[in-house]
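Examining the three-dimensional arrangement
Chain by chain, the residues run as shown.
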Amino acid sequence: MKKNAIIISATLLLIISCKKETKESVSEVVVETTYAPKEFDLSKFESKIDSLIALMTLEEKIGMLHGNSMFTTGGVERLGIPELKMADGPLGVREEISRDNWAPAGWDNDFATYYPAGGGLSATWNTDLAYLFGNSVGQETRARGKDMLLSPAINIIRTPLGGRTYEYFSEDPFLNKKTAVPFIVGLQDNDVMACVKHFAVNNQETNRGTVDVIADERTIREIYLPAYKAAVTEANAYSLMGAYNKFRGDYLCENDYMLNKILRDEWGFKGVVVSDWAAVHSTVKTLENGLDIEMGTPKPFNEFFLADKLIAAAKAGEISEAEINKHVKRILTVLFQVKAIDGKDRVEGSIATEAHYQDAYKIASESVVLLKNENNALPLKLEGINSIAVIGNNAIKKNALGGFGAGVKTKREVTPLEGLKNRLPESVTINYAEGYLERYTKNENNKKTEVTLDGPVTVQELDEAKLQEAIEAAKKSDITIIFAGSNRDYETEASDRKDLSLPFGQKEFIEKILAVNPNTIVVMIAGAPFDIEDISKKSSALVWSWFNGSEGGNALADVLLGNINPSGKLPWTMPKKLSDSPAHATNSFPGDESVTYAEGILVGYRWFDTKNIEPLYPFGYGLSYTNFEFSNLKTNNQVYHKDDIIEVSFNIKNIGKMDGKEVAQLYVSKPESKIERAIQELKGFKKILVKSGTSEYVTIQLPAKELAYYNVDKKQWMVEPGTYKIKIGNSSRAIKGEFKIQIN
């Protein structure tokens, strides 16, 4: 793992003090590791690139600007220019696809590691694990001979109904960028291009190919663009993917404001912009407004907008060859950057190794969120326990493949039932019952979903025989664990959900099991919020897990048994009802031909906290098997200037009996602001291991520039002078202490 110990101002700094406060002392001094991106130096290759372009025909140049297969662009063999080879990859490297259609190529050597989905990674609140994920999947990308991985997906979660919420990181722009940057750096450390998607304001699947997003300038700058800006300016991302939708009237793959003025002119982006598949709608406008590569769905590749149509436009004088050369040069630059041309010592990579499965395990083990634990029902206490009822289709459901979006062909996916079998002693009998059936309407043999704009349509009626089997299993077992929630056939790209209801009649099913045994533990496996308020009230313990990768079942079993102390925190707000969420409270989802982001900057917890709406579980929430105390909050000064670094220090003490990791979260408020603001915003966090009975002294560095808002009139970021509140807590609704500072 490539590490760089240089601390940059935008990153958090953790200092463990050696000073004794009580009898406890700190065991070691720890400095948070940050990750330095590879240099993006055009000058290294410029003369070589210019000489190659001079030797190319018009047709050869244009062949590089569009797909010549499902996942490659054209090369120029006679000049030693290879195809640019891509792979889909939010959950790991996708299996090989046929060159001219979506059918699997049928290889027997394209198995890969299935990594936790984006929701699971962000729930760890651990930037080191974000780097680990990127680095590990980068090695697998290279082992498959690819130049570009279509990942990470970092769109803001605007609605809990989003079909790709499971794949995205967060509703919060700060957590989003702090997860994205190390992931991208780790990926590109392996001579692979990260293709960061989907740029930008691509926050719904409903009408995603046509909907025109109307959002004010401050909203896009403060909420929807920060992670992309950080990807470019902090991680040196080599490529971005243009989104399907429109923004202020223009498709995002031909949007001059987004692709030229912001991305390249303001942020200095040097890489390539790739279209989402079949997201291009014009020829000359697309190229002149900033797109570099057109990819698409099956049709003759020469019929793409940037293929024969572009050759004709160039010959007719509608576009200059100098403009075409500009885009070819960008493509050649990134190919040189990842050593695809004249590459010496290029990373070879490895794939589906035990080490990579363990990488997936590490992420999964820190992602699990403990939502409720009444009377210490968890971890499971096995003394005197002879049998455990394991109930629910999700105990055996596999999610590496499924749904409309890209999955992973893997040799290992440990289910929750398998994980418990792997971890429980042989003396404990597992009584498994499926309980509810995964069924969809209007399809053959109930195996394929009917995908509509309201998501897959499920059969809600319970199967009486399956229900009775589950009830009997619960009655005859000492402990009952229900595995419920969702799956990747239900949460899927290309459709949003109709509402927050649990599919397959699960609410009724779970309540019937709880009536038999109220001490039942409920484990939800899903990527997005659901209506679980009644279940939360009635269950003694409630756990939230994710589509959690090849080792997900083992990690989940280790959390339930106490081999791992849960440390996951929610990366989004769990509402009590859909109408509480901002996009729905303002009746601005999903729109029709256009959608107006009426909630403005009040996305996610910003809305709930500012409007004083009680969520079911707040942003940043997650329990532990131990308890932590925060104390001695202070800053290094009381008065700061806009270029200063604010150092916020405090103690975290583990007052329980089990070692555990806590996520300290730093929120900032600006009382009596002259502009509209959220009542608080996340501006720092640190995950720290605190051993039982000990304290750790933590310092979070907060650059005063992070307090800036975007001034639309002056078109610049500005730090408003005055009084600010600095808050430290372990969720957005669990503030442990606050104090005031002054910005001059």
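Since we're looking at a predicted model, the values are computed, not measured.

1. Thoughts on the packing of aromatic side chains
- Enumeration according to the criterion identifies 27 aromatic pairs in this entry.
- Both rings, one in Y710 and one in W717, keep their centres 5.6 Å apart while their planes meet at 75°; by these two values the pair is edge-to-face.
- Three or more aromatic residues joined by ring pairs form one cluster here, namely W125, F174, Y605, F619, Y667 and F685.

2. A few points about the pattern of salt bridges
- A full pass over the atoms with the stated rule returns 54 salt bridges.
- Between E551 and R412 there is a salt bridge, and its shortest N-O distance comes to 2.8 Å. Highlighted residues: E551 in the loop between β15 (541-545) and α17 (552-561) and R412 in the loop between β11 (387-391) and α13 (416-423), separated in sequence by 139 residues.
- What makes R412 partly exposed here is its relative accessible area of 22%.
- Salt-bridge contacts for K507 lead to D534; the nearest nitrogen and oxygen are separated by 3.1 Å. Here K507 is found in helix α15 (residues 506-516), whereas its partner D534 is found in helix α16 (residues 533-538), with 27 residues between them in sequence.
- On the accessibility criterion, D534 (29% relative accessible area) is partly exposed.
- A single network of salt bridges, built from pairs that share partners, joins R164, E167, E205, R208 and E493.

3. Considerations on the layout of surface pockets
- Of the pockets and cavities examined, the second largest pocket occupies roughly 800 Å³.
- In terms of lining, the second largest pocket is formed by 33 residues, of which the most central are K177, K229, K705, E706 and W717.
- Top element by residues in the lining of the second largest pocket is helix α7 (residues 226-233). It accounts for 4 residues.
- For the lining of the second largest pocket, the residue count by class is 17 nonpolar, 2 polar and 14 charged.

4. Points about helix α10 (residues 308-315)
- Among the residues of α10, L310, I311, A313 and A314 are the ones counted as buried. For α10, the angular spread of the buried residues around the axis is 165°, confining them to a single face.
- One or two residues past the end of α10 sits G317, with phi positive at roughly 80°.

5. Focus on the pairing of strand β4 (residues 193-199)
- Burial analysis of β4 places 7 of its 7 residues in the buried class, which makes it a mostly covered element.
- Looking at chain direction, strand β3 (residues 148-150) and β4 are connected through 2 bridges and run parallel. Paired with L149 across the two strands is A194, which belongs to β4.
- Assessed by its sense of winding, the connection that carries the chain from β3 through helix α5 (residues 173-188) to β4 is right-handed.
- Direction of pairing for β4 relative to strand β6 (residues 239-242): parallel, over a ladder of 3 bridges. Directly across from V196, in β6, lies its bridge partner L240.

Thresholds, definitions, all that
- Residues numbered from 1 in each chain as written.
- Predicted model: local features only at pLDDT ≥ 70, side-chain atom pairs only at ≥ 80, totals over all residues.
- Heavy atoms only, no water.
- Phe/Tyr/Trp six-rings, centres within 6.5 Å; stacked < 30°, edge-to-face > 60°.
- Salt bridge = Lys/Arg side-chain N within 4 Å of Asp/Glu carboxyl O.
- Helix = DSSP H or I, 4+ residues; strand = E, 2+ residues; numbered from the N terminus.
- Buried < 20%, exposed > 50% of the residue type's maximum accessible area, 1.4 Å probe, protein only.
- 1 Å grid on protein atoms, 1.4 Å probe; cavity = no way out; pocket = protein on both sides within 12 Å on 5 of 7 lines; lining within 4 Å.
- Points joined across faces, edges and corners; volume = space filled by probe spheres on them.
- Nonpolar A, V, L, I, M, F, W, Y, C, P; charged D, E, K, R; others polar.
- Arc of directions from axis to C-beta.
- Pairing = 2+ DSSP bridges.
- Right-handed = clockwise from strand over helix to strand, strands pointing away.

Everything listed here is a matter of geometry and, on its own, says nothing about what the molecule does.
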